[in-house]
Amino acid sequence: SLKNFFNIYEVAVVSENEHYYKGSKSAFDATNTTPVMFDSDKLNKYVLKAVDEKQLDATTVVLLLNANTEVGSADLFPPDSYDSKTDYASGFGIAACGLGLGDGGSVLLHEFGHAFAKLDEEYVQDGGAISAASIKDKQKMAEMGWWSNVDFTSDLGKIKWASYVNDSRYASQHIGAYEGAATYAIGVWRPTETSIMNNDYDGYNAPSRETFYRRIHKLALGSSWTFDIEEFKKWDLEHSTPSTRSAAPKRSIQKRVSDIRVH
């Protein structure tokens, strides 16, 4: 529904073979693993064939491996003006993944959520608690609009997505405070039981969709555009499909390897 706000470029890259290991003579020395490893210098040369270097903070790259696998990862780069405190998830991002869709999920949409909207993980990697140092670091990045789908309080009146909790229009989406996110089991909360940032299913939840909406409009319309929560909700409720509106549990949180790298 917002495709006209994007410029999309396809850059075809030809490798000598389809092997995935360092030194295999594939174009980027990419690995068929999670996280996906690749030669970033070679990748950047191809990216700059499509966009000017000055546009990188507003650019998201999708690197598709020609392999029917469900591997994936995201590389995130804070903007050069790190201290400018922009609020729309600014920064260059790379979503890398295989072509496999499993049994209906989408690794690509999960990694794009990281790379474009700077969304955090909503799953648990181990049973530990998030440290005070990690919270401080994430809160600093949050000032730029990063990690909008996790918070460090369960107070439904103060949590980042409080405006959705008691909004009857969103009652069926079960938005609340579910402990376990950013790969930690304790001390960090996510908006919904499941979502595409959790188990690669169920679509983006409303706080995540809001971040997409903010970033898309700000990049397309410029600094004069300002966010209005009611305007977004009206748009969101009109355009959400049943799969993105429903956050009913389908899978429990699973242990998995973290796929975010922040540079």
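Use the structure listed above.
Residues numbered from 1 in each chain as written. Predicted model: local features only at pLDDT ≥ 70, side-chain atom pairs only at ≥ 80, totals over all residues. Heavy atoms only, no water.

A.B. asks: Help me get a handle on the overall build of the chain, residues and values and all.
C.D. replies: Helices and strands together make up the secondary structure of the chain, namely 8 helices and 6 strands. Written out in order from the N terminus, the α and β elements of the chain read α-β-β-β-α-α-α-β-β-α-α-α-α-β. The C-alpha atoms of the chain give 18 Å as radius of gyration, which agrees with the globular expectation for 263 residues (18 Å, within 12%). Its C-alpha atoms give the chain principal-axis dimensions of roughly 55 × 45 × 40 Å. Long-range contacts, defined as pairs at least 24 residues apart, comprise 70% of the intrachain contacts of the chain with a sequence gap of at least 6. Within the chain, one finds 28 positive and 36 negative side-chain charges whose respective centroids are separated by 1 Å. (Helix = DSSP H or I, 4+ residues; strand = E, 2+ residues; numbered from the N terminus. Rg over C-alpha atoms; globule rule 2.2 N^0.38 Å. Contact = heavy atoms within 4.5 Å. Lys, Arg positive; Asp, Glu negative; His and termini not counted. Charge placed at Lys NZ, Arg CZ, Asp CG, Glu CD.)

A.B. asks: Could you give an account of the environment of Ser 15, naming the residues involved and the relevant values?
C.D. replies: Mapped onto the elements, Ser 15 comes out in the segment before helix H1 (40-47). The partly exposed category is assigned to Ser 15, whose relative accessible area is 31%. When the C-alpha atoms of Ser 15 and His 217 are compared, they prove to be 36 Å apart, with 202 residues separating the residues in sequence. Among residues more than four places away in sequence, those in contact with Ser 15 are Lys 25, Ser 26 and Ala 27. Engagement of the side chain of Ser 15 in a polar contact is seen with the backbone nitrogen of Ala 27, the distance being 2.7 Å. (Buried < 20%, exposed > 50% of the residue type's maximum accessible area, 1.4 Å probe, protein only. Polar contact = N/O pair within 3.5 Å; in protein donor to acceptor, adjacent residues only side chain to side chain.)

A.B. asks: Report on the nonpolar core, specifying residues and quantitative values.
C.D. replies: Grouped together as the largest cluster of nonpolar side chains are 20 residues, with contacts concentrated most on Leu 119, Trp 161, Tyr 164, Tyr 170, Ile 175, Tyr 204 and Phe 212. It is helix H6 (residues 206-221) that provides the largest number of residues to this core, a total of 4 residues. (Core = buried A, V, L, I, M, F, W, Y, C linked by side-chain atoms within 4.5 Å.)

A.B. asks: How would you sum up a nonpolar patch on the surface? Please name residues and give values.
C.D. replies: A cluster of nonpolar side chains, Phe 5, Phe 6, Ile 8 and Leu 221, forms an exposed patch at the surface whose accessible area comes to about 390 Å². Here Ile 8 lies in the segment before H1. (Patch = residues over 30% accessible without salt bridge, like charges linked within 9 Å, V, L, I, M, F, W, Y side chains within 5 Å. Areas by Shrake-Rupley, 256 points an atom, 1.4 Å probe, with all protein chains shown as cover. Salt bridge = Lys/Arg side-chain N within 4 Å of Asp/Glu carboxyl O.)

A.B. asks: Run through the side chain of Lys 138, naming residues and quoting values.
C.D. replies: Relative to the helices and strands, Lys 138 is located in helix H3 (residues 132-142). Each residue touching Lys 138, except ones within four places of it in the same chain, is listed here: Asp 120, Ile 130, Trp 147, Phe 152 and Ala 182.

A.B. asks: Mind laying out the pattern of salt bridges, listing which residues take part and the relevant values?
C.D. replies: Summed over all chains, the structure comprises 10 salt bridges. Ionic pairing is found between Arg 214 and Glu 210, a salt bridge with its closest N-O pair at 3.2 Å. Within this pair, Arg 214 and its partner Glu 210 are both found in helix H6, separated by 4 residues, close to a single helical turn. Taking the relative accessible area as the measure of exposure, Arg 214 reaches 23% and is therefore partly exposed. The structure contains a network of salt bridges with shared partners spanning Asp 167, Arg 169, Glu 230 and Lys 233.

A.B. asks: Tell me about the sheet that holds strand S2 (residues 72-77), and name the residues and values.
C.D. replies: Taken in spatial order, the 4 strands make up an open sheet running S1-S3-S2-S6, and their pairing is mixed. Strand pairing shows two members of the sheet lacking a second neighbour, strand S1 (60-64) and strand S6 (260-262), which therefore form its edges. Geometrically, the sheet is characterised by an average inter-axis angle of 15° between neighbouring strands, direction not taken into account. Inspection of the sheet shows S2 paired to S6 by 3 bridges, in the parallel sense. (Pairing = 2+ DSSP bridges. Axes fitted to C-alpha atoms, helices over the stretch in contact; angles between N-to-C directions.)

Geometry only, nothing functional implied.
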